[in-house]
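A closer look at the structure
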Amino acid sequence: MKTVQDDTGKRYLLLKRSEQASLVRDPESGNECYVQNDRLESTDEHPFETAARTVPRSVRTLLEAVPDEKTLGLLVELERRGPLGIRTLLDVSDFCESDLHGRLTVLSAAGLLAETEVDGARGYRTTEECADALGVIRSDVSDAADESATGDAFDVNERSTQTNETET
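Residues numbered from 1 in each chain as written. Predicted model: local features only at pLDDT ≥ 70, side-chain atom pairs only at ≥ 80, totals over all residues. Heavy atoms only, no water.

A tally of helices and strands in the protein yields 6 helices and 8 strands. When the helices and strands of the protein are listed from N to C terminus, the series reads β-β-β-β-β-α-α-α-β-α-α-β-β-α. Going through the 168 residues of the protein one by one, you find that 32% of them count as buried. Put simply, 45% of the contacts in the protein that link residues at least 6 apart link residues at least 24 apart. Here the protein displays about 10,800 Å² of accessible surface, and carbon together with sulfur accounts for 48% of that area. (Helix = DSSP H or I, 4+ residues; strand = E, 2+ residues; numbered from the N terminus. Buried < 20%, exposed > 50% of the residue type's maximum accessible area, 1.4 Å probe, protein only. Contact = heavy atoms within 4.5 Å. Areas by Shrake-Rupley, 256 points an atom, 1.4 Å probe, with all protein chains shown as cover.)

Set out below in C-alpha cells:
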C-alpha cells in the first residue's frame, strides 16, 4: 500500500495497480474506485500518515502531546473547571512543581493550553483546539455511559416484572 494523488491533488491509498488503471481507496470515505494511471502520481507520504489524516487535527495533536492518563486528566479538569491558577493546580494534584511545569509547557507548546491570569496570578486554560479534541474523544464515553445506564434501567425493570409475576 502506498499514497498516491490524482491530478487534482486528492490523496488516495493505492490498493492495486494494473497496466491502465489503479484501484485506490479514499482514506476519508473508504470508497474504492479505479483511476487511470496517467492521472496518478506517487507521493512521499507514508500510507499510515495518509490514513491518520482522517482523524481531526485537534485529536491528533492531543494524542501526540499527552503521554499518560494523569496528563489527560489534567486537561479534562482544566476543561471542566475553567481556568485554574498554578497554585490551585499544585494543590489538587500530586505533581511536584517541576513535573507540573514540564507538563504545562509541553501542552502549551502543542497548542492545547494557554497561559492566562487567574485571581491576579498565573494560570492556565484549555484552548479551543483542546476543547474540540476532548469533545470528540469524550462523546464516545458519554454514549457508552448512556447505553450502560439504559441497559441497567432495563435490567431493573425486567427484575421488577419478574418479581411481580412470581408474586401473583
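Now that the structure has been shown, we can carry on.
Time to look at the pattern of salt bridges. Per the counting criterion, the structure on display carries 9 salt bridges. The partner of Arg39 in a salt bridge is Asp6, with the nearest N and O atoms 4.0 Å apart. Highlighted residues: Arg39 in the loop between β4 (32-36) and β5 (40-42) and Asp6 in strand β1 (residues 2-6), separated in sequence by 33 residues. By relative accessible area, Asp6 is classed as buried at 8%. Note that Lys70 is salt-bridged to Asp94, the shortest N-O span being 3.5 Å. With Lys70 in helix α3 (residues 69-81) and Asp94 in the loop between α4 (86-92) and α5 (97-109), this pair connects stretches of sequence that are 24 residues apart. Looking at Asp94, the relative accessible area reads 62%, which means it is exposed. Here the salt bridges do not stand alone but share partners, grouping Asp6, Asp7 and Arg39 into one network. (Salt bridge = Lys/Arg side-chain N within 4 Å of Asp/Glu carboxyl O.)

On to the confidence of the model for the protein, then. Where the model shows low pLDDT, its predicted coordinates should not be examined in detail. Residue-level pLDDT values for the protein average 85, and 82% of them are 70 or greater. Counting interchain partners and residues more than four positions distant, the pLDDT-below-50 stretch residues 147-168 has 0 contacts. (pLDDT = per-residue confidence, 0-100.)

Across all of its chains, the model carries 0 aromatic pairs by this definition. Over the ring of Tyr12 we find Lys10; its NZ or CZ atom is 5.9 Å from the centre of that ring. (Phe/Tyr/Trp six-rings, centres within 6.5 Å; stacked < 30°, edge-to-face > 60°. Lys NZ or Arg CZ within 6 Å of the ring centre and 35° of its normal.)

Moving on: the side chain of Asn37. Structurally, Asn37 is set in the loop between β4 and β5. A relative accessible area of 13% means that Asn37 is categorised as buried.

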